[in-house]
Amino acid sequence: MMIPYPCQQVFRRTCIPLSLILCLLNLPACDEQQAASPPPAPPPSPVRVAPVLQREVKRTVTLVGTVEPWKRSVVASEVEGLVQAFTAEEGMKVKRGDLLARLRTRTLRIRLDSAVAIYRESGARYERAKRNLKRVRALFKRELVTQKDFDDAVAEEAALKERLSQLDAEIRQVRDSLNKSTVVAPFDGWITQEFTEIGQWVEEGGPVVEMVDLSHVQVEVPLPERYVSHIQIHDPVTATFDGLPAFEAQGRVFSLVAQADRTARTFPVKVEIPNPALAIKSGMVSRVTLRIDRPHQGLVVPKDALVLRGGKAFVFRVNEGTVVDQIPVTAILHVEDLVEIEGPVQAGMDVVVEGNERLFPGQSVRILESPGEAPGNTP
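Residues numbered from 1 in each chain as written. Predicted model: local features only at pLDDT ≥ 70, side-chain atom pairs only at ≥ 80, totals over all residues. Heavy atoms only, no water.

> I'd like a rundown of the overall build of the protein, residues and numbers included.
A count of helices and strands for the protein gives four helices and 21 strands. For the protein, with 379 residues in total, the buried portion stands at 34%. Taking all contacts inside the protein whose residues are at least 6 apart in sequence as the whole, residues at least 24 apart take part in 73%. Accessible surface, the protein: about 24,200 Å² in total, of which carbon and sulfur atoms supply 53%. (Helix = DSSP H or I, 4+ residues; strand = E, 2+ residues; numbered from the N terminus. Buried < 20%, exposed > 50% of the residue type's maximum accessible area, 1.4 Å probe, protein only. Contact = heavy atoms within 4.5 Å. Areas by Shrake-Rupley, 256 points an atom, 1.4 Å probe, with all protein chains shown as cover.)

This is how it looks when you write it as structure tokens:
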């Protein structure tokens, strides 16, 4: 049956070509393919570099000790007496011979005057005995006096001579006590403690003040047994102090005690450290670094070049100035701000020292030249 002509015209006008329909259906997919272009590469990461250096290094060990004064003395009174003057104060700096305390000396001066008077009396009697002996000796030679008279004259002269020696010793003893009644500083140092005051009675040998000498100090550190054979007297040391940031002092070993601590198996090592500016105080915590090996040539990098991840250490080498390679290394020795390393590195090789925390192998970098540029600030 044939479709009427008018209907055929309507069908032709309303029918859409298949090719046009397929094109319209594929249009969103075409737009997505055009929009899914590859992402742009990340900008180069800004870094700073430093060369690997070859230098002489020496193995060290750092031990902790406590600062002690070079001298510590409890200054005592050599005689007993009442404190009449006391000039010492805690924290005062004194020089050798400066007055610390003076005891009452009135009784000693009275004793001295009495001893001097007796000495003069005995001296006069001795002079008379000498003259008498001279006369008796002459008479004895002429047989005008008996043997007993001569012996008595000799004995009296000898006894008075010994009496003068005894009195002279007593006078010197009293004068010595007078001198000792003045207590003076035995060395240059600082007063750290007072034990008496004006009006107090000081016994013979009683403490007056405690003094310390801080012109140089000593630090005793416990040296492990395995290092004993490497330490010698006069070996140089470096010391830092927790209470003095950024301060470092040089010293030397002056004593190595031959008896080890039976529990810790460590040997006491004492080091001397000059303290001309008196910056180091007694009781400070000190970290003493001793050299325990002979010098050798090694490859070192700044400590900031070392990156630790996953229990391993490595450095980033700049390859051809644009990308970085990750090189595994082993840290051997820390020398000041440097680290001695072993691995596939060579002297003169540039390694990243700033901006290496987020680097990965093959990443492009931009080397910063100006110190004012920060690794995190990218243009």
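So that's the structure; there's more coming.
> Pulling in residues and values, what's your account of the sheet that holds strand β6 (residues 99-103)?
Consider a sheet: its strands pair through backbone hydrogen bonds, and that pairing is either parallel or antiparallel. Read from one edge to the other, the open sheet built from four strands follows the order β7-β6-β4-β9, with strand pairing classed as antiparallel. The open sheet has two edge strands, β7 (182-184) and β9 (201-202), and neither has a second partner. Pairing of strand β4 (residues 81-86) with β9, which is carried by two bridges, proceeds in the antiparallel orientation. Directly across from L82, in β9, lies its bridge partner W201. (Pairing = 2+ DSSP bridges.)

> A description of the side chain of E340 should follow, citing residues and the corresponding values.
Position of E340 among the secondary structure elements: in strand β19 (residues 338-342). As a buried residue without a salt bridge, E340 has its nearest oppositely charged side chain in R59, at a separation of 8.4 Å. At 3.1 Å, the side chain of E340 forms a polar contact with the side chain of H296. Setting aside residues up to four positions removed in sequence, E340 forms contacts with V57, H296, G298, L299, V300, T330, A331, I332 and L333. (Lys, Arg positive; Asp, Glu negative; His and termini not counted. Salt bridge = Lys/Arg side-chain N within 4 Å of Asp/Glu carboxyl O. Polar contact = N/O pair within 3.5 Å; in protein donor to acceptor, adjacent residues only side chain to side chain.)

> Tell me about the nonpolar core, and name the residues and values.
The biggest cluster of nonpolar side chains holds 26 residues, and the ones touching the most others in it are F241, V271, I273, I280, V288 and L290. Where this core is concerned, the elements lending two or more residues are β3 (60-76), β10 (207-224), β11 (236-241), β12 (244-256), β13 (266-274) and β14 (285-291). Setting aside residues up to four positions removed in sequence, V288 forms contacts with V61, T62, L63, V219, V221, V237, T238, A239 and V271. Listed in part, the 17 residues of the second largest apolar core include V79, A88, V94 and V209. (Core = buried A, V, L, I, M, F, W, Y, C linked by side-chain atoms within 4.5 Å.)

> Please provide a residue-by-residue account of the confidence of the model for the protein, values included.
When the pLDDT values of the protein are averaged, the result is 86; 87% of them are 70 or greater. Note that residues 1-15 has pLDDT below 50 and, in this model, one contact with residues that lie over four places away or in other chains. Note that residues 18-25 has pLDDT below 50 and, in this model, one contact with residues that lie over four places away or in other chains. (pLDDT = per-residue confidence, 0-100.)

> How would you summarise the pairing of β4 if you had to cite specific residues and measurements?
Where β4 lies against β6, three bridges are found, and the strand directions are antiparallel. Bridged to F86 within β6 is A101.

> Requested: an account of helix α3 (residues 106-141), with residues and values cited.
Between its first and last C-alpha, α3 extends 53 Å over 36 residues, near the 52 Å set by a 1.5 Å rise per residue. Turning to α3, its buried residues are L108, L112, A115, V116, S122, G123, Y126, A129, L133 and V136. One or two residues past the end of α3 sits E143, with phi positive at roughly 60 degrees. (Expected span 1.5 Å × (residues − 1).)

> Now, about the environment of F241: what can you tell me, with residues and values included?
Relative to the helices and strands, F241 resides in strand β11. According to the relative accessible area criterion, F241 is buried, its value standing at 3%. Expressed as a C-alpha distance, the spacing of F241 and R287, which sit 46 residues apart in the sequence, is 6.2 Å. With residues up to four places along the chain from it excluded, the contact list for F241 reads V67, F247, A249, I273, I280, V285 and S286.

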